[in-house]
Amino acid sequence: MSPFRYSPSRISPLRTRALGICLLGGLLLAGMPAQAEEAAGNVRWVSDSLNTYVRSGPTDGYRIVGTLSSGQKVELLRNQGDYSQVRGENGSAVWIPSRDLQEMPGQAERLPQLEQKVAELSAELEAINDSWKARVQGMQETLDARKALIDESQAARAALDGELSRARSELRELQAQLGEENQQVLMRYMVYGGSIAGAGLFAGLIVPTLLRVRRKRNDQWI
């Protein structure tokens, strides 16, 4: 088994940024129904263009009584013609051109919220990145431990193979020695048997001859 290094897909800065944009877009889309529901009431915001003048009545003929800053939150009281009556933060009711009102919060109010969401998303992405790094490190440590175990097993197997080779060599030498000893024993048995056979043959030939000689001698004495 060849060693290898596992390299899962880590979250690169580009992927982190892309994921952050996707999550931010999802949150903005998820927040639009709530903002639309709130805007369906009497809440409006002054347009982000420039400061706008407010009048005491619903036409251009009424006198200017002040200004409202861009992005300022107001309460819509009623509409009449091209004007809308709103109540500002100071509690006074004034008239403003309807074109200068919008149903979405101004940039000054949305920017901190967006910055907070971006910060939250960045923290979440950082936590995800750290979690992936920890998991990758854990998997790499596991793979390193398995590789070390495999290396130890391969070294032990190589040692066992060497011992087996030596044992087989010794066995062949012992078998050769045993064959030589068997041959020597066989030769000894053959020599011993030949000696016994020769002695028997000698006895079989000599003894009858000696008996005949002794008989002849005994006959002569008689």
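So, how was this worked out
- Every residue gets a number counted from 1 within its own chain, in the order that chain's sequence is written.
- pLDDT decides what is reported in this predicted model: residues at 70 or higher carry local features, side-chain atom pairs at 80 or more are listed and counted, and totals for whole chains, interfaces and linings draw on all residues regardless.
- Hydrogens and water are ignored here; the side-chain numbers use all heavy atoms of the structure.
- Think of it in three bands: with a 1.4 Å probe and only protein chains considered, a residue is buried below 20% of the maximum accessible area for its type, exposed above 50%, and partly exposed in between.
- A run of H or I in DSSP counts as a helix once it spans at least four residues, and a run of E counts as a strand once it spans at least two, with each numbered from the N terminus.
- Two strands pair under a simple rule: DSSP has to find at least two bridges between them.
- Every patch collects residues that have over 30% relative accessible area and no salt bridge, joining them within 9 Å if they carry like charges and within 5 Å if they are nonpolar side chains (Val, Leu, Ile, Met, Phe, Trp, Tyr).
- Per-residue and other accessible areas were derived by the Shrake-Rupley procedure at a 1.4 Å probe size, with only the shown protein chains allowed to occlude residues.
- By salt bridge we mean one thing: a side-chain nitrogen of Lys or Arg within 4 Å of a carboxyl oxygen of Asp or Glu.
- Polar contacts, as counted here, are pairs of nitrogen or oxygen atoms within 3.5 Å of one another; within protein the pair requires one atom able to donate a hydrogen and one able to accept it, and residues that are adjacent in sequence qualify only if both atoms are side-chain atoms.
- It only takes one pair of heavy atoms within 4.5 Å for two residues to be counted as in contact.
- Throughout this description, the term nonpolar core refers to a set of buried Ala, Val, Leu, Ile, Met, Phe, Trp, Tyr and Cys residues connected via side-chain atoms within 4.5 Å.

## So, the pairing of strand E6 (residues 93-97)
- E6 sits mainly inside the fold: 4 of its 5 residues count as buried.
- Here 5 bridges tie strand E5 (residues 83-87) to E6, and the two strands are oriented antiparallel to one another. Within E6, the residue paired with Tyr83 across the bridge is Pro97.
- The hairpin formed by E5 and E6 contains 5 residues between the paired strands, and Gly91 there has a positive phi angle of roughly 90°.

## Quick look at a nonpolar patch on the surface
- A cluster of nonpolar side chains, contributed by Leu201, Phe202, Leu205, Ile206 and Leu210, occupies part of the molecular surface with about 510 Å² of accessible area.
- Judged by relative accessible area, Leu210 falls into the partly exposed class, the value being 48%.

## As for the pattern of salt bridges
- Evaluation of the coordinates by the stated rule reveals 2 salt bridges.
- With a closest N to O distance of 3.9 Å, Glu75 and Arg87 form a salt bridge. One end of the pair, Glu75, is in strand E4 (residues 73-80); the other, Arg87, is in strand E5, and 12 residues separate them in sequence.
- Since its relative accessible area comes to 34%, Arg87 is described here as partly exposed.
- In this structure, Lys147 and Asp151 form a salt bridge, with 3.2 Å as the shortest nitrogen-oxygen distance. Residue Lys147 and its partner Asp151 are both found in helix H2 (residues 107-221); the two are separated by 4 residues, about one turn of the helix.
- For Asp151, a relative accessible area of 33% translates into the label partly exposed.

## A closer look at the side chain of Ser84
- Turning to its location among the elements, Ser84 is positioned in strand E5.
- At 2.6 Å, the side chain of Ser84 forms a polar contact with the side chain of Asn79.
- Residues contacting Ser84, with those up to four places away along its chain left out, are Leu76, Arg78, Asn79, Val94, Trp95, Ile96, Ser98 and Leu101.

## Comments concerning the pairing of E5
- In terms of burial, E5 is largely enclosed, as 4 of its 5 residues are buried.
- With 5 bridges connecting them, E4 and E5 associate as antiparallel partners. Residue pairing across strands places Gln80 opposite Tyr83, the latter belonging to E5.
- Linking E4 to E5, which pair antiparallel, is a turn of 2 residues; within it Gly81 sits at a positive phi near 65°.

## What to know about the nonpolar core
- Judged by nonpolar contacts, Val54, Leu68, Val74, Leu76, Val86, Val94, Ile96 and Leu101 together constitute the single largest core of 8 residues.
- At the level of secondary structure, the elements contributing two or more residues to this core comprise E4 and E6.

None of the figures reported here should be taken as evidence of function without further support.
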